[in-house]
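Structural overview
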Amino acid sequence: MGQVALVTGGNRGIGLATAQRLRDGGYTVVVGSRSGEAPDGLDAVRLDVSDPASIEAGFAEIEERFGPVLVLVANAGITRDGLLMRMSDEDIDDVLATNLAGSIRLARRALKGMIRARSGRIVFVSSVVGMLGSGGQVNYAASKAGLIGAARSLAREVGSRGITVNVLAPGFVETDMTAVLDDAQRSAILGQIPLARYAQSAEIADSVAFLVGAGYVTGAVLPIDGGLGMGH
Ligand code: NDP
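The notes below deal with the structure included here. (Residues numbered from 1 in each chain as written. Predicted model: local features only at pLDDT ≥ 70, side-chain atom pairs only at ≥ 80, totals over all residues. Heavy atoms only, no water.)

With that settled, consider the environment of Glu-63. As for its position among the elements, Glu-63 is in helix H2 (residues 52-65). Glu-63 gets classed as partly exposed once you look at its relative accessible area, which sits at 30%. Separated by 123 residues in the primary sequence, Glu-63 and Arg-186 have C-alpha atoms spaced 42 Å apart. Sequence-distant contacts of Glu-63, defined by excluding residues within four places in its chain, comprise Pro-68 and Arg-109. (Helix = DSSP H or I, 4+ residues; strand = E, 2+ residues; numbered from the N terminus. Buried < 20%, exposed > 50% of the residue type's maximum accessible area, 1.4 Å probe, protein only. Contact = heavy atoms within 4.5 Å.)

In structure tokens form, the structure reads like this:
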């Protein structure tokens, strides 16, 4: 069995493509999501990243069934878009709890096994909007920008233990998350992307696989955005 890789939100979208890519690369991949459902050919655990007790239970189950998690892809994320003037406390709290605090707690839990093994790979899935900003996404952009500070701080804490911590910053990707955009929003977005198309999830997965395989890259923010965030 290869090293154990946990991909949160790995039951669809970017997470599923990443889980399949890592499995094809020889890792023992476990997918974590709120439903706990296992996509074809992958193992899964129920793990709600916004709930510390659920993170602990999910890791305990993975460790018992497969061994320590040496690759963590913190991919699970949500949006609750709206103008800040009208954004509810719940929309602010839920997005930060899932996207930012959830990723930090996952990393903290994963470190136990990684430090023991003196080896580990942590990839936070951020977004181009964390750097560019995005009207209607104050909560989401803040959560994604926060991941950069978290990754760079943690990279400094654990680099000497052979653990790398990096951030992937996708642009717009064809998934359920972007399927809610209407035609006008889509064409406005496409007009700003030099490559003039959305990414496929598999293209994001390839970049996660690169970061997982890269022994001398840490604290990096890798943009996979068709040029949308150029210079950021
Ligand atoms: P989807 O909406 O297609 O999938 C989201 C995934 O996250 C699902 O698997 C969902 O599983 C899981 N998830 C949500 N909340 C939780 C939770 N509390 N605990 C565990 N799992 C959870 O998203 P994408 O594939 O589009 O996005 C994946 C990541 O990439 C996100 O972090 C997103 O912010 C980021 N991203 C996406 C972009 C895009 O254009 N699509 C662009 C830039 C970044 P379930 O509902 O079953 O729990």
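Here we take up the site of the ligand. Neighbouring residues of the ligand: 30 residues in total, closest Asn-11, Asn-75, Tyr-140, Gly-171 and Thr-175. Taking Arg-12, its side chain carries an N or O atom lying 2.7 Å from an oxygen atom of the ligand. Lys-144 places a side-chain nitrogen or oxygen 2.8 Å from an oxygen atom of the ligand. Computed on the free molecule, the ligand has an accessible area of 890 Å², of which 95% lies beneath the protein chains in the complex. Of all elements in the fold, only helix H1 (13-24), helix H5 (138-158) and helix H6 (176-179) reach the threshold of two or more residues within the shell around the ligand. The dominant element in the shell around the ligand, judged by the number of residues it contributes, is H6, at three residues. When the residues that make up the shell around the ligand are grouped by side-chain class, the tally is 11 nonpolar, 14 polar and five charged. (Near = heavy atom within 4 Å. Polar contact = N/O pair within 3.5 Å; in protein donor to acceptor, adjacent residues only side chain to side chain. Areas by Shrake-Rupley, 256 points an atom, 1.4 Å probe, with all protein chains shown as cover. Nonpolar A, V, L, I, M, F, W, Y, C, P; charged D, E, K, R; others polar.)

Tallied over the entire structure, the rule returns nine salt bridges. Among the ionic pairs, Arg-21 bridges to Asp-206, the shortest N-O distance being 2.8 Å. Of this pair, Arg-21 sits in helix H1 while Asp-206 sits in helix H8 (residues 201-213), placing them 185 residues apart in sequence. For the salt bridge of Asp-43 with Arg-65, the shortest nitrogen-to-oxygen distance reads 3.8 Å. In this pair, Asp-43 is assigned in strand E3 (residues 43-46) and Arg-65 in helix H2, connecting sequence segments 22 residues apart. Connected via shared salt-bridge partners are Asp-43, Glu-61 and Arg-65. (Salt bridge = Lys/Arg side-chain N within 4 Å of Asp/Glu carboxyl O.)

A separate point is the packing of aromatic side chains. For the structure shown, the criterion picks out one aromatic pair. Taken together, a centroid distance of 5.8 Å and an interplanar angle of 40° make the contact between Phe-172 and Tyr-198 tilted. Pair noted here: Phe-172 is in the loop between strand E6 (163-170) and H6 and Tyr-198 is in the loop between helix H7 (183-190) and H8, with a separation of 26 residues, a long-range link. Residue Phe-172 is classed as partly exposed on the basis of its relative accessible area, which comes to 22%. On the basis of relative accessibility, which here comes to 3%, the residue Tyr-198 falls in the buried class. Taking NZ or CZ as reference, Arg-186 lies 4.5 Å from the ring centre of Tyr-198, over its face. (Phe/Tyr/Trp six-rings, centres within 6.5 Å; stacked < 30°, edge-to-face > 60°. Lys NZ or Arg CZ within 6 Å of the ring centre and 35° of its normal.)

This brings us to the packing of H1 against H8. Remark: H1 packs on H8, axes separated minimally by 8 Å, with the N-to-C direction vectors making an angle of 50°. In terms of their interaxial angle, H1 and H8 are classed as oblique. Note that H1 runs across H8; the crossing there is right-handed. Seen from H1, the contacting residues are Gly-13, Ile-14, Ala-17, Thr-18, Arg-21 and Leu-22; seen from H8, they are Ser-201, Ala-202, Ile-204, Ala-205, Asp-206, Val-208, Ala-209 and Val-212. A class-by-class count of the residues in the contact of H1 with H8 yields nine nonpolar, three polar and two charged. (Axes fitted to C-alpha atoms, helices over the stretch in contact; angles between N-to-C directions. Parallel < 35°, antiparallel > 145°, perpendicular 65-115°, else oblique. Left-handed = near helix turned anticlockwise from the far one by under 90°.)

Before going further, it helps to examine the nonpolar core. Ile-62, Leu-72, Leu-106, Ile-122, Phe-124 and Val-165 are the most contacted members of the largest nonpolar core, which has 33 residues in total. Looking at this core, the elements with two or more residues in it are strand E1 (4-8), H2, strand E4 (69-74), helix H3 (89-117), strand E5 (120-125), H5 and E6. For this core, the element with the most residues is H5, which contributes seven residues. Among residues more than four places away in sequence, those in contact with Leu-106 are Thr-8, Leu-47, Val-49, Ile-55, Phe-59, Leu-72 and Ala-74. Residues Ala-5, Ala-199, Ile-204 and Ala-209 belong to the second largest nonpolar core, which totals 23 residues. (Core = buried A, V, L, I, M, F, W, Y, C linked by side-chain atoms within 4.5 Å.)

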